[in-house]
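# Architecture and fold: a report
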Amino acid sequence: MKIVYLLSPAGEIAERVAEAKRWISWLYDHFPGVAFVALWIVAREVLDDAQLSRQVLIQQEAAVIARCDAILVVGPKFPVKGPEVRDSRMLDFTGCERVPETAHALKARLADI
C-alpha cells in the first residue's frame, strides 16, 4: 500500500481544511489501496492555539513526509508556506477538479512511484 501525504492547500485555514476534507473523501472513494495522510488537519482540528506550534508541526510534517511514497498538492494554487518538499515525489494537482480525468491522471502518476 502506498502512503501519500496531502499538503495543505493555499488559503485561509477554515477554507484549507474544508477543501482538503473534500479531496480526502474523493481520494478515498477513488483510491482504496492508498493511505492518504494529512497531519496538519489533525493538528488544526484537535489542538488549541496554545498547543499548536508552527515550528513543531513543520518538523512533525517533515518526519511523516519522509516516510511517504508521494506528496500530493491540491486546491486552487500551490501553497507558499510549509515544509520544503519539492522533489520527485511531488504530485502537483493544483487547479484540478475532483473529476474522472483527475482520477485517471493521478492513478497514472501513482503507478510511476
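Here the structure is a predicted model, which is why all the values come from computation and not from measurement.

Of the regular secondary structure elements, the protein chain holds 4 helices and 4 strands. For the protein chain, whose C-alpha radius of gyration is 14 Å, the value lies close to the compact-globule estimate of 13 Å for 113 residues. Viewed in the frame of its principal axes, the protein chain has a C-alpha envelope of about 40 × 25 × 25 Å. Here the protein chain holds 113 residues, and 37% of them are scored as buried. In the protein chain, the 14 positive side-chain charges and the 15 negative ones have mean positions that sit 2 Å from each other.

What follows is about the packing of aromatic side chains. With the rule as written, the count across this model stands at 4 aromatic pairs. Summarising the aromatic geometry, the rings of W23 and W26 are spaced 5.4 Å apart at their centres and angled 80° between planes, so their arrangement reads as edge-to-face. Taken as a pair, W23 and W26 lie in helix 1 (residues 13-30) at a separation of 3 residues, close to a single helical turn. Taking relative accessible area as the criterion, W23 reaches 1% and is therefore assigned buried. By way of ring pairs, the aromatic residues W23, W26, Y28, F31 and F36 are connected into one cluster.

Let us look at the nonpolar core. Ranked by internal contacts, the top residues of the largest apolar core, which has 31 residues, are L27, F31, W40, L72, L106 and L110. Listing elements by their share of this core, those giving two or more residues are strand 1 (2-6), helix 1, strand 2 (34-37), helix 2 (39-46), helix 3 (54-66), strand 3 (70-73), strand 4 (90-92) and helix 4 (100-111). The element best represented in this core is helix 1, accounting for 5 residues. Apart from the residues lying within four places of it in its own chain, the contact partners of W40 are Y5, L6, L7, S8, P9, I13, R16, V17, A20, L57 and E61.

With that settled, the discussion passes to the side chain of R16. Relative to the assigned elements, R16 resides in helix 1. Buried and without a salt bridge, R16 has E12 as its closest oppositely charged side chain, separated by 6.9 Å. Among the polar contacts made by the side chain of R16, one reaches the side chain of S8 at a distance of 2.8 Å. For R16, the residues in contact, after removing those within four places along its chain, are S8, P9, A10, G11, W40 and R44.

A few words now on the packing of helix 1 against helix 2. Across the interface, helix 1 lies against helix 2 with an axial gap of 11 Å and an inter-helix angle of 130°. By the angle class used here, helix 1 and helix 2 are oblique. Relative to helix 2, the crossing made by helix 1 is left-handed. Every residue of helix 2 that contacts helix 1 at I13, R16, V17, A20, K21 and I24 is listed here: W40, I41, R44 and E45. Taken together, the residues that form the contact of helix 1 with helix 2 break down as 6 nonpolar, no polar and 4 charged.

Attention now moves to helix 4. The end-to-end C-alpha distance of helix 4, which contains 12 residues, comes to 17 Å, matching closely the 16 Å that a straight helix rising 1.5 Å per residue would cover. Residues of helix 4 that are buried include every one of T102, A103, L106 and L110, and no others. When helix 4 is viewed along its axis, its buried side chains cluster within an angular range of 100° and face the same direction. Exposed residues on helix 4 whose side chains face more than 90 degrees from its buried face are P100, E101, H104 and A111. Looking at the buried positions of helix 4, the neighbouring elements they touch are strand 1, helix 1, strand 2, strand 3 and strand 4.

Rules of the game
- Residues numbered from 1 in each chain as written.
- Predicted model: local features only at pLDDT ≥ 70, side-chain atom pairs only at ≥ 80, totals over all residues.
- Heavy atoms only, no water.
- Helix = DSSP H or I, 4+ residues; strand = E, 2+ residues; numbered from the N terminus.
- Rg over C-alpha atoms; globule rule 2.2 N^0.38 Å.
- Buried < 20%, exposed > 50% of the residue type's maximum accessible area, 1.4 Å probe, protein only.
- Lys, Arg positive; Asp, Glu negative; His and termini not counted.
- Charge placed at Lys NZ, Arg CZ, Asp CG, Glu CD.
- Phe/Tyr/Trp six-rings, centres within 6.5 Å; stacked < 30°, edge-to-face > 60°.
- Core = buried A, V, L, I, M, F, W, Y, C linked by side-chain atoms within 4.5 Å.
- Contact = heavy atoms within 4.5 Å.
- Salt bridge = Lys/Arg side-chain N within 4 Å of Asp/Glu carboxyl O.
- Polar contact = N/O pair within 3.5 Å; in protein donor to acceptor, adjacent residues only side chain to side chain.
- Axes fitted to C-alpha atoms, helices over the stretch in contact; angles between N-to-C directions.
- Parallel < 35°, antiparallel > 145°, perpendicular 65-115°, else oblique.
- Left-handed = near helix turned anticlockwise from the far one by under 90°.
- Nonpolar A, V, L, I, M, F, W, Y, C, P; charged D, E, K, R; others polar.
- Expected span 1.5 Å × (residues − 1).
- Arc of directions from axis to C-beta.

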